[in-house]
Amino acid sequence: PVAPDLAGRHVVISAGGTREPLDPVRYLGNRSSGKQGYALARTAVARGARVTLVEANTGLPDPSGADIVRVGTAVQLREAVLKAAADADVVVMAAAVADFRPAEYVTGKIKKKDGQEPAPLTLVRNPDILAEVAADRAAPGQIVVGFAAETDNVLANGRVKLLRKGCDLLVVNEVGERKTFGSEENEAVVLAADGGETPVPYGPKEALADTVWDLVSARLG
Ligand code: C5P
């Protein structure tokens, strides 16, 4: 039995990876499986929370007890997260949001033409949803949690990112061969804006999720 320490709380979790369409059949995407976000949703339900899961392209079975909002692109994910965040106690951005999207969407399939070089692909920036949610909190005590995948100087880069994003907690993953993407396990350090640093050893994504909820729970008023 799990303590229902999130009872009466509304938590919003984004999961998966955005796809930014080029034309009706092609997109720019990433390798996020959505498994960490789904583990966060399952564990939050188990701890009594009302959960809104904003899901981007995971193909995973719906976790029971959560409200699911399906999105495709970063712009759609932003809209869904901001809407759900309006009455949320906690927002956790576990989704891998594309930093850039194609500047133009081509309504017909882009064709190759004999003897012609491909046209260059122009990208524009997507909004930083985490930074926006953290800067414009729906309520003063709202807790905002981000994720960051780093390949080197993990802790130092994590601290810089935590400050830049303005969130309360940042879960920092070191990405490497066996680690993180698509896997059932994860290993991370959770950095807190108040200076805290909680290492989470290699293990199931549920264990990391529960550590996040422990830290969130301690910070909720
Ligand atoms: O800047 P970086 O992509 O490393 O930050 C990762 C964190 O920021 C994740 O929590 C991700 O969900 C969030 N993010 C976002 N909007 C973006 C890019 C990242 O909310 N455009």
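Residues numbered from 1 in each chain as written. Predicted model: local features only at pLDDT ≥ 70, side-chain atom pairs only at ≥ 80, totals over all residues.

The subject of this paragraph is the overall build of the chain. Looking only at helices and strands, the chain features 5 helices and 12 strands. For 221 residues, the compact-globule estimate of 2.2 N^0.38 gives 17 Å, and the chain sits close to it at 18 Å. Seen through its principal axes, the chain has C-alpha atoms that stretch 65 × 35 × 30 Å. Classification of the 221 residues of the chain by burial places 39% in the buried group. When contacts within the chain are restricted to residue pairs at least 6 apart in sequence, those whose partners lie at least 24 apart make up 62%. (Helix = DSSP H or I, 4+ residues; strand = E, 2+ residues; numbered from the N terminus. Rg over C-alpha atoms; globule rule 2.2 N^0.38 Å. Buried ≥ 20, exposed ≤ 12 C-beta atoms within 10 Å, placed from the backbone. Contact = placed C-beta atoms within 7 Å.)

Let's shift gears to the site of the ligand. Neighbouring residues of the ligand: Ala74, Met93, Ala95, Val97, Asp99, Asn126, Asp128, Ile129, Leu130, Gly146, Phe147 and Ala148. Only α3 (129-135) and β9 (143-150) provide two or more residues apiece to the shell around the ligand. Ranked by residue count, the leading element in the shell around the ligand is β9, at 3 residues. Across the shell around the ligand, the residue classes break down as 8 nonpolar, 2 polar and 2 charged. (Near = placed C-beta within 6 Å. Nonpolar A, V, L, I, M, F, W, Y, C, P; charged D, E, K, R; others polar.)

Further remarks concern the UniProt feature "binding site: CTP" (unreviewed entry) in the chain. On the UniProt side, "binding site: CTP" (unreviewed entry) is annotated at positions that read Asp99, Lys109, Pro127, Asp128, Ile129, Leu130, Phe147, Lys161 and Lys165 here. Maximum C-alpha separation among the annotated residues is 38.1 Å over a sequence range of 67 residues, too wide for a single clustered spot. As for its placement among the helices and strands, proline 127 is situated in the loop between β8 (123-125) and α3. When residues no more than four places from it in sequence are discounted, the contact partners of proline 127 are Arg78 and Glu132. Using a count of 26 C-beta atoms within 10 Å as the deciding quantity, one classes leucine 130 as buried. (UniProt positions renumbered as here; feature names shortened; annotations may be inferred.)

Moving on, we come to the packing of helix α1 (residues 35-46) against helix α5 (residues 205-219). At their nearest, the axes of α1 and α5 sit 8 Å apart, and the two run at 60° to each other. As far as their axial angle goes, α5 and α1 are oblique. For the pair α1 and α5, the sense of crossing is right-handed. For the pair formed by α1 and α5, the contact residues are Lys35, Gln36, Ala39, Leu40, Thr43 and Ala44 on the first element and Lys205, Glu206, Leu208, Ala209, Asp210, Val212 and Trp213 on the second. (Axes fitted to C-alpha atoms, helices over the stretch in contact; angles between N-to-C directions. Parallel < 35°, antiparallel > 145°, perpendicular 65-115°, else oblique. Left-handed = near helix turned anticlockwise from the far one by under 90°.)

So, on to the sheet that holds strand β5 (residues 66-71). Strand order in the open sheet made by the 8 strands is β5-β4-β1-β6-β9-β10-β11-β12, with mixed pairing throughout. The open sheet has two edge strands, β5 and β12 (197-204), and neither has a second partner. Across the sheet, the mean angle separating the axes of adjacent strands is 20° when strand polarity is ignored. Along the sheet, helix α2 (residues 74-85) contacts β1 (10-16), β4 (50-56), β5 and β6 (90-93); its crossing angle with β4, the most-contacted strand, is approximately 175°. (Pairing = 2+ DSSP bridges.)

Looking now at the pairing of β12. In this structure, strand β11 (residues 185-192) lies alongside β12, joined through 6 bridges in antiparallel fashion. If you follow leucine 191 over to β12, its bridge partner there is glutamate 197. Linking two consecutive strands that pair antiparallel, namely β11 and β12, is a turn of 4 residues; a positive phi of about 105° is found at glycine 195 within it.

Moving on to the pairing of strand β10 (residues 169-174). Along any regular strand the residues' side chains alternate between the sheet's two faces. Burial analysis of β10 places 5 of its 6 residues in the buried class, which makes it a mostly covered element. Examined bridge by bridge, β9 and β10 share 6 bridges and lie parallel to one another. Bridging across to β10, glutamate 150 finds its partner in glutamate 174. The β-α-β motif built from β9, the intervening helix α4 (residues 154-165) and the parallel element β10 has right-handed crossover chirality. When β10 meets β11, the two strands line up antiparallel, connected through 5 bridges. Looking across to β11, one finds that valine 172 is bridged to valine 189. (Right-handed = clockwise from strand over helix to strand, strands pointing away.)

This next bit is on α1. When the terminal C-alpha atoms of α1 are compared, their 16 Å separation across 12 residues agrees well with the 16 Å that a helix rising 1.5 Å per residue should span. Most of α1 sits inside the fold, with 9 of its 12 residues counted as buried. All buried positions along α1 are accounted for by Lys35, Gln36, Gly37, Tyr38, Ala39, Leu40, Ala41, Thr43 and Ala44. Residues of α1 that are buried make contact with β1, β4, β5, β6, β11 and α5. Immediately beyond the C-terminal end of α1, within one or two residues, lies glycine 48, with a positive phi of roughly 100°. (Expected span 1.5 Å × (residues − 1).)

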